[in-house]
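# Examination of the molecular architecture
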Amino acid sequence: MFGFSFKPRNKGKSAQTAKERLQILLAHERGGNGSSPDYLPMLQRDILEAIKKHVHVERDAVDIRMERDDELSSLEINIELPGGRTVQSSASS
Amino acid sequence: MSKVIVVTSGKGGVGKTTSAAAISAGLAQQGHKTVVIDFDVGLRNLDMIMGCERRVVFDFINVIQGDAKLKQALIKDRRLDTLSILPTSQTRDKDALTSEGVEKVLEELREEFDYIVCDSPAGIERGAQLAMYYADEAVVVTNPEVSSVRDSDRVLGLLNSKTKRAEESGADPIKSHLLLTRYDAKRIGEGEMMNVEDVLEILAIPLLGVIPESTAVLRASNVGLPVVLDDKSRAGKAYEEAVARLTGEQIEMRIESEERPGLFQRLFGRTA
């Protein structure tokens, strides 16, 4: 679900990994002003408010995660509903 | 025409003060009238690296606040008569540094010196911003390590947006140079450290020099000698060449490790 990979990496080639990680990160950081999108907390609040109109949910029931990759960034929103059901939604850009 | 050069990096501990000391001493050694200013208010250290810590009477902040004349605060280097040091204050007051004050002092220094080297504090707060604001050129000190490269990228963004040259229409942008320090050829050979090409590909600015990881740097700071004056060390030589490039000389880039292993070390050194 989160796309973490634990591929065994060649020992002694960590420099290559460092370079690739930097290239991906900086491609994102250079686009915006800050290091991570600053609209996420606001988005979280808005989503929570929208849901509250219909169902009662706790403040920390909304979980927003962002995965940034070379080609694709994805936003994953998890909302925990009372009664054990979970609504999942994900968007990619 | 005098030049204001900021030595900056974002990340701390990469060798800004060592580099500012070495570059200013190197420029002075070439005969240029040079002054080096410590912008790290509250954490004065350039004086120790330059070996003049016992001669500090007045400082940069005293001059800005009008408590001392610039001439009183400037310390003449005892080894190079073309070199002066303007130490910073140990005050904890962060607002002591003002934009107007810095501008006024720099204007006054421009009348007397060919090169004004500004030793920036780490971070991107007020001190670092003011150190870069009036600069004509920047030396971005970077280690071949992920957090240092990331911070250097951030600082390059600030140099291109939050400086006088960036804000003034019609002005040429700040000329930024990369100074790669703590370069460990052995670890690079083993693929455990990014090499010059890797870092250049990411940061995409011209390379000023590569300073090998060296025991000479700590030795020089122990005794308060800018490492460029230790002409036997490879780090000192590398700084000398970087300074020559800064003044426009074309020198071939040679990248060496500090310790040249002997036969015995080459045979058995790996296990050490």
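Just so we're clear, the structure is a prediction, and the values are computed from it rather than from any experiment. (Residues numbered from 1 in each chain as written. Chains lettered and ligands numbered in written order. Predicted model: local features only at pLDDT ≥ 70, side-chain atom pairs only at ≥ 80, totals over all residues. Heavy atoms only, no water.)

## Some remarks on the nonpolar core
Residue and element names in this part refer to chain B. To keep it simple, the criterion reads: Buried Ala, Val, Leu, Ile, Met, Phe, Trp, Tyr and Cys residues that are joined via side-chain atoms within 4.5 Å together make up what is termed a nonpolar core. For every residue, the accessible area obtained with a 1.4 Å probe (protein chains only) is divided by the maximum for its type, and the residue is called buried under 20%, exposed over 50%, and partly exposed between those limits. Going along the chain from the N terminus, every DSSP run of H or I of four or more residues is numbered as a helix, and every run of E of two or more is numbered as a strand. Any pair of residues with heavy atoms lying within 4.5 Å of one another is described as a contacting pair.
Core analysis: the biggest nonpolar cluster contains 52 residues, and Phe39, Phe60, Leu86, Val102, Leu109, Ile116 and Leu159 have the highest contact counts within it. The element best represented in this core is helix α7 (residues 146-159), accounting for five residues. Not counting chain neighbours up to four residues away, the residues in contact with leucine 86 comprise Val35, Val36, Ile37, Asp38, Asp59, Phe60, Leu70, Ala73, Leu74, Val105 and Leu109.

## Let's talk about the environment of B:Ser120
All names here are of chain B. Here serine 120 lies in the loop between β5 (115-119) and α6 (126-133). A relative accessible area of 2% means that serine 120 is categorised as buried. Discounting residues that sit within four places of it in the chain, serine 120 has contacts with Val6, Val7, Thr8, Lys16, Phe39, Ala128 and Ala131.

## Some remarks on empty space enclosed by the protein
One simple way to see leftover space: roll a probe sized like a water molecule over the atoms. Residue and element names in this part refer to chain B. The condition is simple: A 1.4 Å probe that fits but cannot get out identifies a cavity on a 1 Å grid over protein atoms alone, an open set with protein on both sides within 12 Å along at least five of seven lines counts as a pocket, and a residue lines either if it has an atom within 4 Å of a point. Grid points are joined across faces, edges and corners, and a volume is the space filled by probe spheres set on the points.
A full pass over the atoms with the stated rule returns two cavities of 30 Å³ or more. Lining the largest cavity we find twelve residues, and of these Val210, Arg234, Ala238, Glu241 and Arg254 sit closest to its centre. For the lining of the largest cavity, the elements supplying multiple residues, two or more each, are β8 (207-212) and α12 (234-246). Ranked by residues supplied to the lining of the largest cavity, first place goes to α12 with five residues.

## A short note on the packing of aromatic side chains
All names here are of chain B. Condition: Aromatic rings from Phe, Tyr and Trp, with only the six-membered ring used for Trp, were paired whenever their centres fell within 6.5 Å, and each pair was classed as stacked if the ring planes differed by under 30 degrees, edge-to-face if by over 60, and tilted otherwise.
Summed over all chains, the structure comprises two aromatic pairs over all chains. With 5.2 Å between their ring centres and 75° between their planes, phenylalanine 39 and phenylalanine 60 make a pair best called edge-to-face. Within this pair, whereas phenylalanine 39 is found in the loop between β2 (34-38) and α2 (46-50), its partner phenylalanine 60 is found in helix α3 (residues 60-64), the two being separated by 21 residues in sequence. Measuring from centroid to centroid gives 4.8 Å for tyrosine 133 and tyrosine 134, while their planes differ by 80°, and the two rings are edge-to-face.

## Quick look at the pattern of salt bridges
Residue and element names in this part refer to chain B. In plain terms, the rule: Any carboxyl oxygen of Asp or Glu within 4 Å of a side-chain nitrogen of Lys or Arg constitutes a salt bridge here.
Scanning the entire structure with this criterion turns up 20 salt bridges over all chains. Where aspartate 77 meets arginine 79, a salt bridge forms, and the shortest distance between an N and an O atom there is 2.8 Å. Judged by its relative accessible area of 39%, arginine 79 is partly exposed. With a shortest N-O distance of 3.2 Å, glutamate 213 and arginine 182 are connected by a salt bridge. With glutamate 213 in the loop between β8 and α11 (215-223) and arginine 182 in strand β7 (residues 175-183), this residue pair connects regions lying 31 residues apart in the sequence. Classification of arginine 182 as partly exposed rests on a relative accessible area of 40%. Because the salt bridges share partners, they merge into one network encompassing Glu107, Arg110, Asp136 and Arg165.

## Focus: the UniProt feature "binding site: ATP" (unreviewed entry) in chain B
Residues and elements named next belong to chain B. Keep this limit in mind: UniProt positions are given in the numbering used here, feature names are shortened, and annotations may be inferred rather than shown by experiment.
Per the UniProt record, "binding site: ATP" (unreviewed entry) is found at Lys11, Gly12, Gly13, Val14, Gly15, Lys16, Thr17 and Thr18. Of the annotated positions named here, the second largest cavity is lined by Thr18. Exposure remark for glycine 13: the relative accessible area of 65% places this residue in the exposed category. Of note, threonine 18 is situated in helix α1 (residues 16-29). Discounting residues that sit within four places of it in the chain, threonine 18 has contacts with Ile49, Val217, Val227 and Tyr239.

## Here we look at the UniProt feature "domain: AAA" (unreviewed entry) in chain B
On the UniProt side, "domain: AAA" (unreviewed entry) is annotated at positions that read residues 3-150 of chain B here. In residues 3-150 of chain B, the share of helix is 37% and the share of strand is 19%. The end C-alpha atoms are 27 Å apart.

## Here we look at the sheet that holds strand β6 (residues 137-142) of chain B
All names here are of chain B. Applied cut-off: Strands are labelled as partners when DSSP assigns at least two bridges between them.
Here eight strands make up an open sheet; going across it, the order is β3-β4-β2-β5-β1-β6-β7-β8 and the pairing mixed. Of all the strands in the sheet, just β3 (75-76) and β8 have a single pairing partner and so form its edges. Sheet analysis places β7 next to β8, joined by four bridges and oriented parallel. Paired with tyrosine 183 across the strands is proline 212, a residue of β8.

## Points about the interface of chain B and chain A
As a reminder, the rule being used: As a working definition, buried area equals the accessible area (1.4 Å probe) given up by two parts on being put together, with both sides summed.
In this assembly, 14 residues from chain B lie in contact with 14 residues from chain A. For the pairing of chain B and chain A, the buried interface totals around 1200 Å² over both sides, and the portion due to carbon and sulfur atoms is 55%. Of all residues in chain B, the largest losses of buried area upon contact with chain A belong to B:Val146, B:Arg150 and B:Ile202, amounting jointly to 42% of the total for that side. Put simply, chain B and chain A have four salt bridges between them. Of the charged contacts in the structure, one is a salt bridge between A:Arg30 and B:Asp153, with a shortest N-O distance of 2.4 Å.

## Concerning α7(B)
The α-helix winds at 3.6 residues per turn, so residues separated by three or four positions along the chain end up facing the same way. Rules: The span one expects for a helix is its residue count, reduced by one, times 1.5 Å.
With 14 residues, α7(B) should cover 20 Å at 1.5 Å per step; its first-to-last C-alpha distance of 20 Å lies within 8% of that length. When α7(B) is considered as a whole, its buried residues turn out to be B:Ser148, B:Val149, B:Ser152, B:Asp153, B:Val155, B:Leu156, B:Leu158 and B:Leu159.

## Details of unusual backbone geometry
Residue and element names in this part refer to chain B. Positive phi values are uncommon outside glycine, yet arginine 182 reaches one of about 55°. One non-glycine residue, alanine 204, lies in the positive phi region at around 50°. Looking at the secondary structure, you find alanine 204 in the loop between α10 (196-203) and β8.

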